[in-house]
Structure formats: structure tokens, C-alpha cells
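# Commentary on secondary and tertiary structure
The primary structure of each chain is shown beneath.
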Amino acid sequence: MNTKKMFKIATAGSVAASAFVAAAPADAAVYTAAQVNKLVSNAKKAEASLRARTQADDAQNLVWGSAKTRLATLKSEVAKAQAAIKTLKTSKERSLYTSKLQSSVDKIGHGEKFLAAVAATNTAKVAVAKLEATYTAENLKGAEDAIAAAELSYNQAYSPAVRAAFRAHGAELAKHVAAAKEAAGLAVKVKAAEDAVAALESKVAELKTEDAVKAAEAAKTTADSAVASLPAGHEKIAGLKTKIDAAQAKIVAAKAALATPKVESVSAINATQAVVTFAGEIGEVAASNFTVDKSVTVIKAEVNPSNKKEVTLTFNQSLIDNDSYKVTVDGVKSATGTAMKEAATVEFKYEIAAVKTVQLSKTKFYDGDSILDAVVVKDTNGLVLENSTLDIEIASTDSAVNTTTGDVTTAVTKSFYVEIKVKDGSEVLATTGAVKVDIAPELEVAGFDGLHIGALTLGDEATEYETAKKANKLDSSLKVNENGEILNLFAKDVDGNIVLLSPVASPLNFKITNLTPTVANVTEVNGQFVINTITTGKAQAKIKVGDLETTVTFDVIANEKIAEGTLGSNKVSLDTSTNAITTTETVALSLKDQYGDAIVYPANIDPSKADTASVVTYDDGSKLSVKSGNTRVAEATVADNGEVTVSLPAQNGIKGSTTVTVEFKDASGKVVFTKSIAVTASDFDSAVAKYDLVLTSSNSVLDADNDANETGVDLDDEVTFVLKQLDKYGNVIGTETLGTDAVITATTSNIKDQDFIDAVSYASTTGTVALTADAVNKLTNTGTVKFIAKVGGVAVDTLDVVYKNTDSVATKAAVNTANRTVDLSVLGGTTVSVDELLFGKLNVAGTKYALNPVLTVQDQFGKTMDYDIANGLDLLKNGLTVVPSTPVLTNLSNVTNNAGVLELTDASKTGSVTIVVPTVSTSANADLLAAPVSITVTLVK
């Protein structure tokens, strides 16, 4: 490609020269070839003279006066030669000497760029000096802009060496700017910290409400952050922290005073619901926390998510107009966990007033919706009245609405007007007036949900996406060398189910518009969206599938490279005595990339890059080396897998200490990291003076999870250890045999978790402790296991190991007790079972829910556990079956129950039933419900 480019440039120059000669006047002086050659030689000499004053050392010393003069001379000599070339008689001669002169012409450009870089550097120096004299935002911008301009000019320099010399100036100037910013920034930080603490002291002056406490806590967070930003040891820190601690004490006291829940009022919102208002925010509640007189039962209690001072109660029957009721509240806890000191009883009155308003809660409907479900009628007191007790009349300008049932039937999108009236006989009590509504067929996709980069299991993409999303493990970035990764796009359908968007789903109706083609491009390959990476940066693509169009954003990040190393040990002891217990030790060096992930060593097979005992030269030019500070104390060698061997010298060794330095350099010779191993060579004592209990397993934490590692065996649920024998100097002189005289005990920090620890097993010098098989489904706590090593019954050392369970354990069941309406015709039959109402029902294809479940299970982290719908609607992903106790069916109205299968007694009418679920357990976990719950289901067909 470069050859072609040079050819084109030369050709263009020749054409230009010919055109110029053709345009020369006929009476111009004519030069011979020898004369022209002389003039070209003069230009060459001037070129060489200028080149001698535009080298790296000239850039380093900013020499420009001589270069400026020599540039003017070169320009003059080139102009003379060019003028003479124009007079040559043949085009061949003109072309020949034009070509010879070209390097001198190019050198003019080089010289001009050199002088421009010198001038830009001097300008930047002046701007930086001005900033250092007076720090202002204007001077800072001037300095930064001048440095940036200089950097641009450096990029034009003609050789790497010259560019490097100029960039050294830029780097030094940038250091000066950074120092000036740091000095100015410290003063700003001190002022900000003092202001933040003063604001905190103002906030804690009066803490009489929860809002005031929250404001004070926010002010404390700000003050903590501001003080933490000050450099360690700053003279202001101690005083500011004392003030913050005093403020915190006041906040804690105020929260304690406000924490006890107090009932302020109870008021009805409709015939079957009331709102209990507390003085402060409260935590979770249950229906059992509330009782009502006059045979009214609370079947559901919900905290208002937008105002946690309010709890909405749902009753098992309608309240009687103009009657008073007493609500007793007991056992409710505040948001901070403080329980009520005693029960509180509050009276309220349910009174229906005259109908005042009627309105629609929404104006967009889909095929199968009922407009009646969106009708809201209120009385003059603001109570929402039950539609079933009212005479509601619907009028519509389009036949798509059944004016008797309110049902919408449509296969097309359109708009028209409806009017809703509430009547008493012929009298109209309230009307919406004409309201414009929009109707449409149900859309398969309702909205974009998110993306994940990387291969997913075919057919299980949506499930794996949801699992990754809950675990915050969605991947929205890829490295440059991960070209060809799959871009998985997900949306929600109208039922709230996650679906995969792909060209396969809409082969004739998808479009990709790459908005950042220089970073990455998305294409369609074999029915999938695939990413082709170009360089690092933020990539965007506009993707349309069917009627859904969205712009997706993902990051292309740099390829992994070696950035850090970790030694298996940073201390080695060698025995110089005749016992020769330890004369050689091997220390492993593991590598990590810039993202903190493990990375393998580069290839080392190129014979041209020969290794030595102390230096490994890898095929990519990087080097790993070791060096002993005193080879008479210890020698060191290194292998290409990072193993460093430290040993006593073969002869003439001495006792003492030294340091073995391990260094890794990249291909450019830059030091990436340096590590040190402290080596001591001394005479070991053969007598055991003490012991050291040491982990030998690769994992240092006991995790009950069931995730298999790369060998296909779950190993992180056990740890292994040895008991090392030490002499009086702390040197390792042997390893104790375990199981008889030397034993290990294991005790959990939480006594309830002791049953999850298997008995210690022994194999010669190695001990093993593992979690029990049932821990994966039952262990919910995190704690520590204390290992105590005993020799001859005497405790000689201890070791603490953390235990936990990162897998989900069923700890709580929840039933969505919101009243639900089930259309039997949508389910494709005339019946629905109680199990289907609890666990849901799949569509005919078995790919998604036709009826969503209401029974869910949460784990110890508060996350909802996924059902394994491919193998059972009541089967959790962890392999356990959810088992509700036999539900109790009550309040059946036009519903027939046949051994848990429900159907309408009269299919032309709606029916309802209340289902009570007493308990919920799994095959490994006891009752997960805090209290029995009920749900009212309306059946229609």
C-alpha cells in the first residue's frame, strides 16, 4: 500500500512539474542539464545542513535560530533549482531532476514542522509559568490548551526520535500543571470539608422528624466524604472528625426516639379497603398485625412503596355504610426494626356519600381489555366506590367496544370516543364526557429490556439473561480481540415475559444502523447479531426488529495484558547446617491482567530468543528475570512458567540475608512489576519449638455453592491444611503427621451452623474439612470456622477460615395477593387448577407463561429464585420442589371445585373464589410463609 501511495505522489508531482514548465514564458532563460544538476546539488547541501539542526538533541535543547536560517537557505536553493528545471528541453530531464529534488522539498516541510513544534513548546512554557504565578481557571485553561496544541505539533515531527524529544517537554509541562492543580485543589478541599461539617452541625441542631434525621444523615455522609478527601495527616482532620462524631451521636439518639411506630389515623378508601397512617416509616407488615371488629378480617396488608408511612388493608367483606369500625395494630416494626411497645386501637367510620366523579384510569386499550376495568368512581369524600354496586353506562362511537361488558375487540389500531355515565335510574350522577381512547391489537413485544454480550444456551437465552441480570452479571463490554461475539438483545412482551430479539424472529423485518462504525459494527450472521470490533471506545448501533427500534450501547475495551504479579511467598529460609533440612525453595509467581483477572504466561518456543538461568525471553519480546542481591548467600533461577527457585550456592556459601528481585518487562523494555523475596541462610535447629497451621488448598474460603470448577468437580466446599514444624528461629523443619497425636478441631462462629461442618479427615500430613452435602440447600449464614491444632492434647496454633453459601437458599415464600381475573378461554379450556393459579401455566409451545405464577420464593439475599419451568413449574432452579400445604377454598361464587380443579358453574357469568395458602415449604426447607395468606380469583369466559 505504501508503494502505491508513493507512486501516486511521485506521479502527481511529475504532472504538476510538466504543467508548470508548459506554462513557462517562451523567453525564459534556458539551463543545461549540468547547470540544473549543480543547482540541485546546492539544494541537497542546504537540505543536509538543515537536517543537522533538526535532530532529537536540537528538539531536546529547543535550538531553533540556526534551523530557521538554514530553512530559509534551503527554500531559496530549492526555488532556484525548480525554476531552472522548468527550462529543460525534454520532459524526461525535467522529470529526472524533479525527482532528485523531491527530498529537499520534503525537508522544507520537515523543517517548518520542527520550528512549529519549538514555537508551540515555548508558548506552552510561557502559559505554564503564568499559571504557576497566578492560579486561575482562565490561566489553567490557557496552559492546558497550549500543551494540547504543542502535543498536536509534536505528532507532525518527521522522526520518532524527534517526536520523543518534543514529547518529553510536553510531559514535563504537564507535571507542572498537575502540581499547580494539586496545590490549588487542596485549599478547595479544606474549605469544602469545613463547610460540609458546618452544614452538618446546622442539620443536627433540631432533629424532631424523620425527614430531619435523613437530612442530617445525608449531611454526615457529605462531611465524611469531604474529610476523607484530605491527605492523611492533615492538621484539620482531627478537629473535623471530632465534630462529625458529636453530630453522629445526636443523630443516633434522634433515630432511637423516632423509631417506635405510632398509629396516627385510619381511613377507608373504598368498601373493602382502608389506609392506616403511621407517624414514621415502617418495615414489612403482615395481615396478622391488624385486627378489626364486627367480623371483619384483614386478608392482606401492604406498605405503600411511595409512602412507607401508609399501610393499605384489604378486608374479607364489604364495610357497611355509616358504620364505625375499630382497627387494632400490634407487632408492627419501624423501618429500622424497632417494634411497637404496645398495641394501639384506632376507630374509623365508613360512610358513603353521593357520587361525585367518574373517570378512566387509562385511555389506551388492547384487544381483550375491558374498559370497565379502568372506570374509577369516587364519592364526595374521595372514597373509591365499588363498580359492581353502581349503574354504569358506556357509550361509544365505534363498535369495537361492547357497551354492555366494556370488552374491546380489534385487529387494527384506531382511535374513537367513549363516554362513561353513572346513573340512578334515569338521573345521571356523574359523567366523563367524551373521552378519546386508542385501541390496538396486543403487541408481541412491549419494550426493550437489555443486552448481554456472549454465547448463551440455545433455547434458554431468556432464562439465562434473567439469571445474569438478577446477579448483576450482565456483560456489556468486550475486548478488541473478542471479535465475533454474539450480541443478545432482550425485550418484554405484553405479559411481562422476557423474549429474545433476533433476526430469526423477524427475518424480513430487521434493520441495523451502526452509529460508531470506526469502533465496532453489528451484523447479522446465521440468525444472530454479531459484533465486529475495530478499536477501543463506546460503540452504538440502532437496531430495529419488527416494530421495536432501540439504540444499544456497549464498550470495546483494550485487550488483556500482563499488569501485575503475585508471589506464592515473599520469604524463604535455607538451612546452612549439616542437617541440610531445606537447601532449595521454589516460589510460584502468578500473573494478572489490567482487569484483575488471571492471565497465562506468553509463549516461549522461539529458539532465536534463548533463555538463561536467570532470564526468560518470551516470543513476544517480554522478559522475566531474577537476581540475587548476594549470590554467596543464595542463588536464584526462573522458569518460563514463573517458578522461582532459590537455593544455597554450590560452594563458598555464607550465612546471612539477601533479597531476590523478580522483574517483568514488556516487549518495549518497560518494567511492568517488580517483586521481592527475602532470603535468610542460617543454621536450622533440629528440635521442634513451635507449629504453624497452614492452608494448602487453592481456595481459602469454604463455599457451600454447587458451582463446578474447570475440572468438573466442586472443590470450593472443602479446605486442606498441614501443620508445619518450626525450630526456635521460625524455620520450617518438617511437617507433622495428623490423626493420632496431632489432631485438628473445627468450630463455627455460629453454633447453629456446626452441623454443616463434616468431621476433620486425615491423610498422613494433610487434614481436610468439608461442608456437608445439605449445606448447599440449607446454609444461609456467613461466619468463620476456627481450626485449632493440638499436639499431645495441647493447643499449638489456630487458623480462621470464612464459610458462606453463594448459592440461593429458599428462606421466604411470597404470594401475590392482588385480586386477579383469569379468562378461561385464553387458557384454552373451561377449567383451571389451583396449582396452575399458584405456579402458573405455560402456553401450548411450552416456552412462556400463559398464566403467570403468584407463588414465589426468595433466597437469603432477598432475590426471587427462578423456577426450572423446563422440568416442572413447581421446581426451583436449585433442584428443590416448592410444596404448598393443601390450599383452603372459600367464598365460592358461581365456581365449582372438583378436587382442586375449578370451573364456572354458569359459563355465561363471572365467578370468584378465595384461596387460602396455610404454609409453603420445599423438599429441604421448612415453612417459608410468615403467616397464612389468601388471594381472591375472578374467573371469566
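Residues numbered from 1 in each chain as written. Predicted model: local features only at pLDDT ≥ 70, side-chain atom pairs only at ≥ 80, totals over all residues. Heavy atoms only, no water.

## Some thoughts on the nonpolar core
Grouped together as the largest cluster of nonpolar side chains are 34 residues, with contacts concentrated most on Leu-855 and Leu-939. Excluding anything up to four places from it in sequence, Leu-939 contacts Val-822, Leu-824, Val-832, Val-895, Leu-902, Leu-904, Thr-910 and Gly-911. (Core = buried A, V, L, I, M, F, W, Y, C linked by side-chain atoms within 4.5 Å. Buried < 20%, exposed > 50% of the residue type's maximum accessible area, 1.4 Å probe, protein only. Contact = heavy atoms within 4.5 Å.)

## Concerning the UniProt feature "coiled-coil region" (unreviewed entry) in the protein
Within the UniProt annotation, "coiled-coil region" (unreviewed entry) is assigned to residues 183-210. Between the C-alpha atoms that bound residues 183-210 there is a distance of 40 Å. The span itself is 79% helix and 0% strand. (UniProt positions renumbered as here; feature names shortened; annotations may be inferred. Helix = DSSP H or I, 4+ residues; strand = E, 2+ residues; numbered from the N terminus.)

## What about the packing of helix 6 (residues 137-154) against helix 7 (residues 160-203)?
In the contact formed by helix 6 and helix 7, the axes pass within 10 Å of each other and the chain directions differ by 165°. If you check the angle between helix 6 and helix 7, you find them roughly antiparallel. In this structure, helix 6 crosses over helix 7, and the sense of that crossing is left-handed. Contacts between helix 6 and helix 7 involve Leu-140, Ala-143, Glu-144, Ile-147, Glu-151 and Tyr-154 from the first element and Arg-163, Phe-166, Arg-167, His-169, Gly-170, Leu-173, Ala-174, Val-177 and Lys-181 from the second. (Axes fitted to C-alpha atoms, helices over the stretch in contact; angles between N-to-C directions. Parallel < 35°, antiparallel > 145°, perpendicular 65-115°, else oblique. Left-handed = near helix turned anticlockwise from the far one by under 90°.)

## Description of helix 8 (residues 210-228)
End to end, helix 8 covers 27 Å across 19 residues, agreeing with the expected 27 Å (1.5 Å per residue, within 8%). Those residues of helix 8 lying buried are Ala-212, Val-213, Ala-216, Ala-219, Lys-220, Ala-223, Ala-226 and Val-227. The buried residues of helix 8 occupy one face: seen down the axis, they fall within an arc of 140°. Across from the buried face of helix 8, at angles greater than 90 degrees, the exposed residues are Asp-211, Thr-221 and Ala-228. (Expected span 1.5 Å × (residues − 1). Arc of directions from axis to C-beta.)

## Observations regarding the packing of helix 4 (residues 65-85) against helix 5 (residues 91-133)
Two quantities define a packed helix pair, namely the angle between the axes and the distance from one axis to the other. Packing of helix 4 against helix 5 leaves a shortest axis separation of 10 Å and a crossing angle of 155°. Put simply, helix 4 runs roughly antiparallel to helix 5. Seen from above, helix 4 lies across helix 5 with left-handed handedness. Residues Ala-67, Lys-68, Leu-71, Leu-74, Lys-75, Val-78, Ala-81, Gln-82 and Ile-85 of helix 4 touch helix 5, and the partners they reach there are Arg-94, Tyr-97, Thr-98, Leu-101, Ser-104, Val-105, Lys-107, Ile-108, Gly-111, Glu-112, Phe-114 and Leu-115.

## Remarks on the sheet that holds strand 30 (residues 635-638)
Reading across from one edge, 26-31-30 is the order of the 3 strands in this open sheet, with antiparallel pairing throughout. Two strands in the sheet have a free side with no partner beyond their single neighbour: strand 26 (584-587) and strand 30. Along the sheet, successive strands turn relative to each other by an average axial angle of 20°, direction set aside. Pairing of strand 26 with strand 31 (residues 644-647) involves 4 bridges; the strand directions are antiparallel. Bridge pairing in strand 31 places Val-587 opposite Val-644. (Pairing = 2+ DSSP bridges.)

## Comments concerning the pairing of strand 38 (residues 742-748)
Burial of strand 38 is one-sided: the residues Ala-742, Ile-744, Ala-746 and Thr-748 facing one way are buried, the residues Val-743, Thr-745 and Thr-747 facing the other way are not. With 7 bridges connecting them, strand 38 and strand 41 (residues 783-791) associate as antiparallel partners. When the sheet's bridge partners are listed, Thr-745 is paired in strand 41 with Ile-788.

## Remarks on the pattern of salt bridges
The final tally for this structure, using the stated rule, is 26 salt bridges. Glu-284 is the partner of Lys-812 in a salt bridge, and the nearest nitrogen-oxygen pair spans 3.0 Å. Pair noted here: Lys-812 is in strand 43 (residues 812-815) and Glu-284 is in the loop between strand 2 (273-278) and strand 3 (290-292), with a separation of 528 residues, a long-range link. Taking relative accessible area as the criterion, Glu-284 reaches 64% and is therefore assigned exposed. Put simply, Lys-294 and Asp-323 hold a salt bridge, and the shortest N to O gap is 2.7 Å. With Lys-294 in the loop between strand 3 and strand 4 (298-303) and Asp-323 in strand 6 (residues 323-329), this pair connects stretches of sequence that are 29 residues apart. (Salt bridge = Lys/Arg side-chain N within 4 Å of Asp/Glu carboxyl O.)

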